[in-house]
Amino acid sequence: MHRNLGLAVVAVLAAAVLLGSTASAARPTARGAQEDPSADVNLTMWWWGEQEAAGAKNWLAQTIKLYEKKHPNISIKTVLQTTDGLIPAFKAAAAAKKGPDIQYFWGGIWSLDDAWLGNTKPVSDYIPRSELRHYLNAKEDTYAGKVWTAPWYVQPSFPVLYRKDVLAKARVKPPTTWAALLKACDALNAKGITPIAGGIKDGWFGGWLYSIIGAQGIGSISDVLDATTGKQKFTDPKHAAWWTRLQEMRDHKCWNDDMNSLELYQGQQRWAQGKAAMTVAAGSDVKKFVQQVGVAKAGVMAMPRWGNGPYAGRLGSTSQTVGITAWTKYPQESADFIRFMHTPERMAAWFNTTGAFPADDRFNTKLIKLPQQKILFNLVKNGAPYLENFIPTELDSKANFAESQLLLGGSIDAKEAASATEKIAQRIRLTQRKQMANFKIWAQSYK
Amino acid sequence: MTSGTVALSDPRRRRLRLGRVEPLVWIAPALAVVVFVFGYSMFQLVRTSLRFEGHWTTDNFRITWSDPTFRTALTHNIRLLIAVPVLVLLSLLLSILLFEGLRGWRFHRWALFLPYVLAIPVIGVVFGQLLQFNGLVNQFLRAVGLGGIAQDWLGQPRWALWTMTAVIVWRELGFGIVLFLARLLSVPSDVFEAGRMDGARFFRLHRRITIPQLSGVIVFYVIVEAITMVSWVFNYVYVMTNGQGGPGDATQVTELYIYQTAFQYQSPEIASAAAVMLFGVTLVLIAIFFRVQRSSGVGLDE
C-alpha cells in the first residue's frame with residue numbers, strides 16, 4: 001500500500017514539475033462562434049515593427065483612432081510584441097485558437113507557414129483582387145492561388161549603411177565589390193577602426209547575412225526551394241559559397257570583436273555612435289539612422305558584389321504583412337481595417353512618421369526627400385527576392401542563426417557550416433513532411 | 001498524551017477507520033485536484049507523443065532520440081547537474097559561517113539571499129550585459145592586468161554553458177543557505193555546547209553534529225536542485241541567449257528544445273516525445289528522493 005501510495009505521489013509531483021513544459025504541446029480545438037457583425041466589434045491586433053520602423057506605434061494608434069471614429073461600433077486593441085516573442089506568442093495563441101484577430105507576419109515562409117497550419121484565413125477572400133494587386137511583394141505570400149497575408153510596408157533587405165566621415169579617416173571609399181570590401185576591412189583595421197558593426201547573439205543577423213550574401217550565388221528562388229526539399233543540397237557550391245564569403249569577412253576581421261555578445265540592434269548602435277565604418281540595417285530604419293548621424297555623414301548601398309547570379313549587387317525586397325487569424329469572428333472587419341491602412345492619407349502619414357515605404361504602388365513617391373531614401377527606393381524598385389523568406393524557419397534558426405554564431409566566433413569553418421546546414425535540412429525533410437510537401441507545391445510557382 | 005491518542009481511544013472514531021485505504025481517503029481531495037489539473041495535460045501529452053499524421057507510432061521517440069540537438073540538450077542538462085554538489089558545499093559552508101555568528105551576519109544573510117528573490121529575467125539581462133566581451137567584467141579584468149583571461153563568456157561555445165552554470169549557482173545558492181540556516185537555528189543550542197565541551201573544534205563539530213542534523217534538508221535541497229537543473233533552467237537559458245540556446249547550440253537544454261520544437265517549429269509530436277522523456281527523467285529523480293528519504297530515515301520533519 002505504502003509503495004503504491006508513494007508511486008502515486010511520485011507521479012503526481014513529477015507531473016506538477018513538468019506542467020509548464022508539457023501541457024503546451026497539445027492542440028486544443030475550441031473555436032469561437034459566429035456573432036452578429038452589426039453589434040459592437042472588438043478587434044485585437046498583435047504586431048511588431050516599432051523595432052525597425054520607429055514611429056510605427058504612434059501611426060498605428062492614430063490610424064486606429066481615425067478608423068474607430070469612422071466605425072463607432074468597432075474598437076481595436078493593439079499589443080506590440082518583442083522580436084523574440086512575436087512568433088512563439090502567435091504559435092501559442094494558434095494552439096489555443098484564441099488570441100489576435102489581426103496578426104503581423106514577416107513575408108514568405110513566415111506568413112505561409114501559418115497559412116499551411118490553418119492559423120490564418122487568406123486575405124484574398126476578404127480583400128478584392130483589384131485592391132490587392134496594388135500591394136507590393138504579395139507574391140511571396142501567395143500559395144495555391146490565394147494571398148494569405150496583406151503587405152503593409154516594404155522592407156528593403158538589407159542595405160549597408162556607411163559613415164563617410166569614418167571611412168575618410170582611413171581613406172577608404174565605400175566598397176562595391178567583395179575584393180574592395182575585404183581590402184577596406186584591412187585598411188580600417190590598420191587605423192584601429194571597426195569596419196562593420198553587427199550583433200549576432202540573438203541570431204537574427206545570421207538570417208540577414210545568409211540573404212544578402214547568399215542571394216548573390218544562386219540562380220533563382222527555385223534553387224533555394226529545391227535545396228530545401230532535397231532536389232539540391234546546401235553543400236552545393238552555389239548554396240555553400242556564402243559561408244566561404246562569411247569566413248573571409250571573419251578572417252579579415254571585418255566585424256566588431258564582441259559581435260557574439262551583442263544583439264542585432266545593439267550592434268547597429270555601434271555604427272550610429274561612430275564606432276564603426278559600416279553596418280547592415282533594416283531599410284525601414286534608414287531614416288532613423290541617417291538622422292542620428294547626420295544626413296551629410298551617412299551613405300547607403302547594397303551589399304558589395306561577389307557573385308554573378310541575377311541577384312548579385314541587388315537589394316532584397318520583401319514586405320512586412322498583416323493577416324487575419326483563422327479563429328477571428330470578424331474577418332471582414334479585420335480586412336476592412338487592413339484596407340484602411342492602405343488609404344492614401346494613411347500611407348503618406350506612415351511614410352512621414354516612420355520613413356518606411358508603404359507596400360503599395362499607389363504611394364506618392366514624391367514624398368521621398370531624404371537623399372539616402374531616394375537611393376534606397378531606387379535600389380528596392382529593382383529589388384531581388386529576400387532569401388530568408390524561402391527556407392523553413394527551423395532551418396533558418398538552426399543553421400543560419402546558429403552556424404553563423406559559431407563561424408563568426410571562430411569555432412567552425414565554412415565547410416563545416418555548409419555541412420551542418422545540409423544535415424539540419426535533411427532532418428527537417430524527415431520531420432516536417434507536410435511542410436516539405438507544401439514547399440514542393442510552392443516551388444512550382446517559382447519555376 | 002495527545003489529542004490523537006484521545007481520538008484513537010474514542011469508539012466512534014474507531015468505526016471510521018478504513019484500514020489500508022485510509023491514507024488514500026485522506027489525500028483524495030488533493031489528489032483529485034491534482035489529477036483534474038494535470039491529468040488531462042498528461043494524457044494529451046502522451047497521446048500526442050504517440051501520434052503522427054493520424055496514426056499511432058513510436059517514431060516520434062525514435063526521431064527525437066536521433067536528433068543531435070536533443071542529445072546535446074540532454075547532455076547539457078546532465079552537465080548542469082555538476083552544479084548541485086557545488087551548491088550543496090557552498091550553501092553548507094556559508095550557512096555554517098552565518099550560524100557561527102560571522103561579523104555582520106545579518107547583512108551577509110540578506111546579501112546572499114537577495115539573488116534568490118530577484119526575477120530570473122532581471123538576472124539574465126544584467127548578467128547578459130556584465131558578461132559581454134566588452135562588458136564590465138572584462139573591463140575590470142583588463143583594468144587590473146588580467147586581460148588575458150577576459151573571454152566572451154556567453155558568446156563562445158567553450159564558455160557559455162559554464163558561465164550560465166555560474167549564474168545559476170549564484171542565484172540558487174540563497175535558497176540553500178536559508179534552508180540550511182533555518183534548520184541549524186532549530187537545533188537546540190545545547191547539542192552544539194555539548195560537542196564543544198567534549199573538545200570538538202570547528203571542523204569536527206560541524207562534521208559530526210551539523211551535517212547529520214542537516215541531512216534531511218540536504219537531501220531535499222539536492223533533489224530540488226537536481227530537478228531544477230534538469231527541468232527548470234529554461235528561464236535562464238531563454239533570457240540570457242534570446243531564446244536561442246546559443247551560440248550554436250552551446251546552451252541548448254531540453255526544456256528550450258521542447259519549447260522551440262512545439263512553438264517555433266510546429267512539431268508538437270516531437271516536442272511531446274521529448275517532454276515525455278524529460279518527464280521520465282524527472283520521475284526517476286523524484287523516485288530517488290523518496291527512496292533515499294525512506295531508506296535513510298531522514299526527512300524534513302527532523
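None of the values given here were measured: they were computed from a predicted structure.

Novice: When you look at empty space enclosed by the protein in this model, what are you seeing that I'm missing?
Specialist: Empty space among the atoms becomes apparent when a probe as large as a water molecule is rolled across them. What the rule picks out here adds up to 11 cavities of 30 Å³ or more. Looking at the largest cavity, it is lined by 17 residues, and the ones nearest its centre are A:Trp106, A:Phe158, A:Trp208, A:Gln320 and A:Glu388. Every element with two or more residues in the lining of the largest cavity is listed here: strand E7 (149–157), helix H8 (204–214), helix H11 (264–272) and strand E12 (316–325) of chain A. The residue inventory of the lining of the largest cavity, partitioned by class, reads 9 nonpolar, 6 polar and 2 charged. Taken domain by domain, the lining of the largest cavity gets at least three of its residues from each of domain 1 (9–24 + 41–156 + 318–380) and domain 2 (159–314) of chain A. Looking at the second largest cavity, its volume works out to about 150 Å³. Lining the second largest cavity are 15 residues, with A:Ile87, A:Trp110, A:Trp204, B:Gln244 and B:Gln264 sitting closest to its centre. With 3 residues, helix H16 (residues 393–408) of chain A is the largest single contributor of residues to the lining of the second largest cavity. Looking at side-chain class alone, the lining of the second largest cavity contains 7 nonpolar, 7 polar and 1 charged residues.

Novice: Please clarify how the interface of chain A and chain B should be interpreted in this entry.
Specialist: Bring the parts together and some accessible area is lost; that lost area is often taken as the interface size. At the interface, 52 residues of chain A touch 58 residues of chain B. Taken together, the two surfaces of chain A and chain B that pack against each other cover about 5000 Å², and 62% of this comes from carbon and sulfur. In this assembly, chain A and chain B are joined by 1 salt bridge. Residue A:Arg427 is joined to B:Asp67 by a salt bridge in which the shortest nitrogen-to-oxygen separation is 3.2 Å. Put simply, chain A and chain B have 16 residue pairs in polar contact (both at pLDDT 80 or more) between them. The element that contributes the greatest number of residues to the side of chain A that touches chain B is helix H1 (residues 2–22) of chain A, accounting for 15 residues. Classifying every residue of the side of chain A that touches chain B by side-chain character gives 25 nonpolar, 13 polar and 14 charged.

Novice: Sorry, what's going on with the environment of A:Gly49 here?
Specialist: All names here are of chain A. Mapped onto the elements, Gly 49 comes out in the loop between strand E1 (41–47) and helix H2 (56–70). For Gly 49 and Ala 168, which are 119 residues apart along the polypeptide, the C-alpha to C-alpha distance reads 33 Å. Not counting residues within four places of it along the chain, the set of residues in contact with Gly 49 comprises Ala 56, Leu 80, Tyr 104 and Tyr 153.

Novice: Mind showing me how you'd approach the layout of surface pockets here?
Specialist: Counted as a void, the second largest pocket has a volume near 480 Å³. Every element with two or more residues in the lining of the second largest pocket is listed here: H16 and helix H17 (414–431) of chain A together with helix H5 (68–80) of chain B. Each residue belonging to the lining of the second largest pocket can be placed in one class, and the counts come to 8 nonpolar, 9 polar and 8 charged.

Novice: Can you help me understand the packing of aromatic side chains in this one?
Specialist: The way to describe two aromatic rings as a pair is by their centre distance and the angle between their planes. Residues and elements named next belong to chain A. For the coordinates displayed, the defined rule picks out 49 aromatic pairs over all chains. On the numbers, 5.0 Å between centres and 80° between planes, the contact of Trp 59 with Trp 350 is edge-to-face. Placement of the pair is Trp 59 in helix H2 and Trp 350 in helix H14 (residues 344–354), with a sequence separation of 291 residues. When sorted by exposure, Trp 59 lands in the same class as Trp 350, which is buried. Geometrically, the ring pair formed by Trp 152 and Trp 350 is tilted, given 5.2 Å between the ring centres and 45° between the ring planes. Of the two residues, Trp 152 sits in strand E7 while Trp 350 sits in helix H14, which places them 198 residues apart along the sequence. Both residues of the pair, Trp 152 and Trp 350, belong to the buried class.

Novice: Can you help me understand the state of the cysteines in this one?
Specialist: Note on terminology: a disulfide is the covalent bond linking the sulfur atoms of two cysteines. All names here are of chain A. Scanning the model with the defined rule gives 1 disulfide over all chains in all. The disulfide partner of Cys 185 is Cys 254, and the gap between their sulfur atoms is 2.1 Å. Disulfide Cys 185-Cys 254: torsion about the S-S bond near 115°, hence right-handed. One end of the pair, Cys 185, is in helix H7 (residues 178–190); the other, Cys 254, is in the loop between helix H10 (237–251) and H11, and 69 residues separate them in sequence. Taken as a pair, Cys 185 and Cys 254 share a single burial class, namely buried.

Novice: I keep staring at the domain arrangement of chain A and nothing clicks. Help me out?
Specialist: Residue and element names in this part refer to chain A. Once the domains are mapped, chain A shows domain 1 (9–24 + 41–156 + 318–380) and domain 2 (159–314). The gap between the C-alpha centroids of domain 1 and domain 2 is 28 Å. Residue-level contacts link 26 residues of domain 1 with 17 residues of domain 2. In this assembly, domain 1 packs against domain 2 so that about 1600 Å² is buried in total across both faces, 63% of it on carbon and sulfur atoms. At the surface where domain 1 touches domain 2, the tally comes to 0 salt bridges. Where domain 1 meets domain 2, there are 9 residue pairs in polar contact (both at pLDDT 80 or more).

Novice: How should the packing of helix H10 (residues 157–186) of chain B against helix H12 (residues 202–231) of chain B be read in this particular structure?
Specialist: Packed helices, taken two at a time, are described by their axes: the angle between them and the distance between them. Residues and elements named next belong to chain B. As a packed pair, H10 and H12 sit with axes 10 Å apart at the nearest point and diverge in direction by 150°. Considered as vectors, H10 and H12 are oriented roughly antiparallel to each other. The crossing of H10 and H12 is right-handed. Residues Ile 168, Glu 172, Leu 173, Phe 175, Gly 176, Leu 179, Phe 180, Arg 183 and Leu 184 of H10 form the contact with H12, whose own contacting residues are Thr 210, Gln 213, Leu 214, Val 217, Ile 218, Phe 220, Tyr 221, Val 224, Glu 225, Thr 228 and Met 229. A class-by-class count of the residues in the contact of H10 with H12 yields 13 nonpolar, 4 polar and 3 charged.

The rules behind these values
Residues numbered from 1 in each chain as written. Chains lettered and ligands numbered in written order. Predicted model: local features only at pLDDT ≥ 70, side-chain atom pairs only at ≥ 80, totals over all residues. Heavy atoms only, no water. 1 Å grid on protein atoms, 1.4 Å probe; cavity = no way out; pocket = protein on both sides within 12 Å on 5 of 7 lines; lining within 4 Å. Points joined across faces, edges and corners; volume = space filled by probe spheres on them. Helix = DSSP H or I, 4+ residues; strand = E, 2+ residues; numbered from the N terminus. Nonpolar A, V, L, I, M, F, W, Y, C, P; charged D, E, K, R; others polar. Domains from an automatic or database assignment. Contact = heavy atoms within 4.5 Å. Buried area = accessible area lost by both parts, 1.4 Å probe. Salt bridge = Lys/Arg side-chain N within 4 Å of Asp/Glu carboxyl O. Polar contact = N/O pair within 3.5 Å; in protein donor to acceptor, adjacent residues only side chain to side chain. Phe/Tyr/Trp six-rings, centres within 6.5 Å; stacked < 30°, edge-to-face > 60°. Buried < 20%, exposed > 50% of the residue type's maximum accessible area, 1.4 Å probe, protein only. Disulfide = S-S within 2.5 Å. Axes fitted to C-alpha atoms, helices over the stretch in contact; angles between N-to-C directions. Parallel < 35°, antiparallel > 145°, perpendicular 65-115°, else oblique. Left-handed = near helix turned anticlockwise from the far one by under 90°.

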